[in-house]
Every structure is written in C-alpha cells, then in structure tokens.
Amino acid sequence: MERTINVTIWNEHRHEKTNAKVASVYPEGMHKAIADGLNVTGTVRTATLDEPEHGLTEEVLNGTDVLIWWGHMAHGEVSDDIVERVQQRVLRGMGLIVLHSGHFSKIFKKLMGTSCDLKWREADEKERIWIVNPGHPIADGLGEYIELPQEEMYGEHFDIPQPDELVMVSWFEGGEVFRSGCCYTRGMGKIFYFRPGHETYPTYFNPEVRKVIDNAVKWAAPVDREYPRYGNAQPLETIKGNQA
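Calculation notes
- Per-chain numbering applies: the sequence of each chain, read as written, is numbered from 1 onward.
- Restriction of local features to residues with pLDDT of at least 70 applies here, the model being predicted, together with a cutoff of 80 or more for giving and counting side-chain atom pairs; totals for whole chains, interfaces and linings are based on all residues.
- Calculation of side-chain values draws on the structure's entire complement of heavy atoms; hydrogens and water are dropped beforehand.
- Strands are runs of DSSP state E lasting at least two residues, helices are runs of H or I lasting at least four, and both sets are numbered from the N terminus onward.
- Three labels apply to residues, based on accessible area from a 1.4 Å probe with only protein chains included: buried if under 20% of the type maximum, exposed if over 50%, partly exposed otherwise in between.
- The contact definition used throughout considers only heavy atoms, calling two residues in contact when any of these lie within 4.5 Å.
- We call two N or O atoms a polar contact when they sit within 3.5 Å, provided that within protein one can donate a hydrogen and the other can accept it, with sequence-adjacent residues counted only if both atoms are side-chain atoms.
- The span expected for a helix works out to 1.5 Å for each residue beyond the first.
- In this context, the arc is that of the directions from the helix axis out to the C-beta atoms.

Per an unreviewed UniProt entry, the chain carries the name ThuA domain-containing protein and comes from Cohnella soli.

In structure tokens form, the structure reads like this:
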C-alpha cells in the first residue's frame, strides 16, 4: 500500500505575473505545472510569496511532509521568521526539494551554510543531465541521462558543501559541467537540490524532469519515528561509580 505524502509546492510566482514570455509558458504558474507532475497519495497544495505568511503558516507546514521550493527574483522578500520556521520543520523531519534558482534562497543557504554561488549563462543551450548514481531511489525509472534542448547554464564551481550523495551531473553545450542532483541530510530532514527549471523554458512539463521530482518527493518524505530526545538524560543502567 502506497504511503500518504502531503506535499506543499512553494513558488515565488512573480515572473509569471510580470513577464509575458514566462506567462505564455506557465499560464497557471510553475507551481501548477509541478503539482500536475506529481503522482503521490496525499494532499498536494501550493503556496506563493504574496500570500499571508507566504502561504507557509504553521498549520500548513505542520501538515507538510515534503516542501518543494522555487524562487528567483525576490529571495530577499522572504521573511526571516518564515525561513526559521521552515528550517525547524526540516530539522524535525520535513523533506525539502530545492529547484533551480532556489539555490540562492534564504532557506537553502541557511541549511547549507555557504554562499551557494555559481556561474550562469542564458544562451538557449542544450543540457544533458547524466545519472551518476543509477542505484539511487531518485534515479528510479530513468535512463542514462535526461536531455533538455534549451536551458539556462549553471557551471562549477558551485559553492555548496560536499553532497551526502550525488545523483546527477549536468553537461552544457558551452562546455561547462555542474552538480545538478545533490542530496543532504539536516537533522531528521532530507534535502534534494535539482538544477533545471529556468522560467522561460517548459522544463517542468518534461516527463523525465517530472519523474525526478516525483521520485525525490518519495525519497525525502519523513521516516516514521519519534523526534530524538536531547539535553540531560538519566542513565539506562545503574552506574556503579555512583552507588553509595
């Protein structure tokens, strides 16, 4: 029986409102395209920057097993209080999928502890995403690589901590390479960074990209166990040195 996973897709949702080209690609928003690509048993909801509390109230986050994050032009407008709220939920087990330009989001940088900077170029070039860890659950059902005819280039050096697991590496037509599928654990939460998804390309309609995100949601879903106990602890056994 498939487990229930409740997913919240957070999208800045600014480009679709201000850029006609983006609106023509994603008329209902990138969050809707991402939601339509998921195949999970559970609730799939969306949230956007301009909603109260950015749509990420305590009630919403407490009911979220996996949070998907896309942001770009308004990272600085995300409230630090909401970032702290999301971080605490990740540490307690909520999964986090960070997409494309979300590498510069406050939440990703806070969880990584580095600048998360990189090289970039918009030149309508081909991207080939190689699966370098074919036995990983996020690679389930995929071939040797995913080929996207047009994408924005991200290039090394990508200033992130060494991934716990590297699942994918991208090659670009201009010659650069990039670690494009990176797994981390923070506290009890699992994090996956997935590179493609520039707003002017229909990347989130690509069946293989959708498969990656769907696999990542299932991989990042919380395990069923109690939160660890911290602080002063009583001994489980009698400590002989303490006997009178």
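K.L.:
Is there a simple way to think about the environment of Tyr 201 in this case?
P.N.:
Tracing the backbone shows Tyr 201 in the loop between β9 (189-194) and α7 (207-220). By relative accessible area, Tyr 201 is classed as buried at 5%. Separated by 145 residues in sequence, Tyr 201 and Leu 56 place their C-alpha atoms 27 Å apart. The contacts of Tyr 201, once residues within four sequence positions are left out, are Val 25, Tyr 26, Asp 124, Gln 150, Glu 151 and Glu 152.

K.L.:
Looking at this structure, I do not really get the side chain of Thr 64. What am I missing?
P.N.:
Along the chain, Thr 64 falls in the loop between α4 (58-62) and β3 (66-70). Residue Thr 64 is classed as buried on the basis of its relative accessible area of 1%. Polar contacts involving the side chain of Thr 64 include one to the side chain of Thr 8, which spans 2.7 Å.

K.L.:
Can you help me understand α7 in this one?
P.N.:
Because each turn of an α-helix spans 3.6 residues, side chains separated by three or four positions in sequence point in the same direction. Along its 14 residues, α7 runs 20 Å from first to last C-alpha, staying within 8% of the 20 Å computed at 1.5 Å per residue. Looking at α7, one finds that the buried residues are Val 209, Val 212, Ile 213, Asp 214, Asn 215, Ala 216, Val 217, Trp 219 and Ala 220.

K.L.:
Would you take a moment to explain helix α5 (residues 80-91) for this structure?
P.N.:
If you check α5, its first and last C-alpha atoms are 16 Å apart, about what 12 residues at 1.5 Å a residue would give, namely 16 Å. When we look at burial in α5, the residues that qualify are Ile 82, Val 83, Val 86, Gln 87, Arg 89 and Val 90. Buried residues in α5, looked at end-on, bunch into an arc of 160 degrees, giving them a common side. Every exposed residue of α5 that faces more than 90 degrees away from the buried side is listed here: Asp 80 and Asp 81. In this structure, the buried side of α5 is in contact with α4, β3, β4 (95-99), α6 (106-112), β8 (177-186) and β9. Where α5 starts, the residue carrying a side-chain oxygen 3.1 Å from the main-chain nitrogen of Asp 81 turns out to be Ser 79. Where α5 terminates, the next one or two residues include Gly 93, which has phi positive at roughly 125 degrees.

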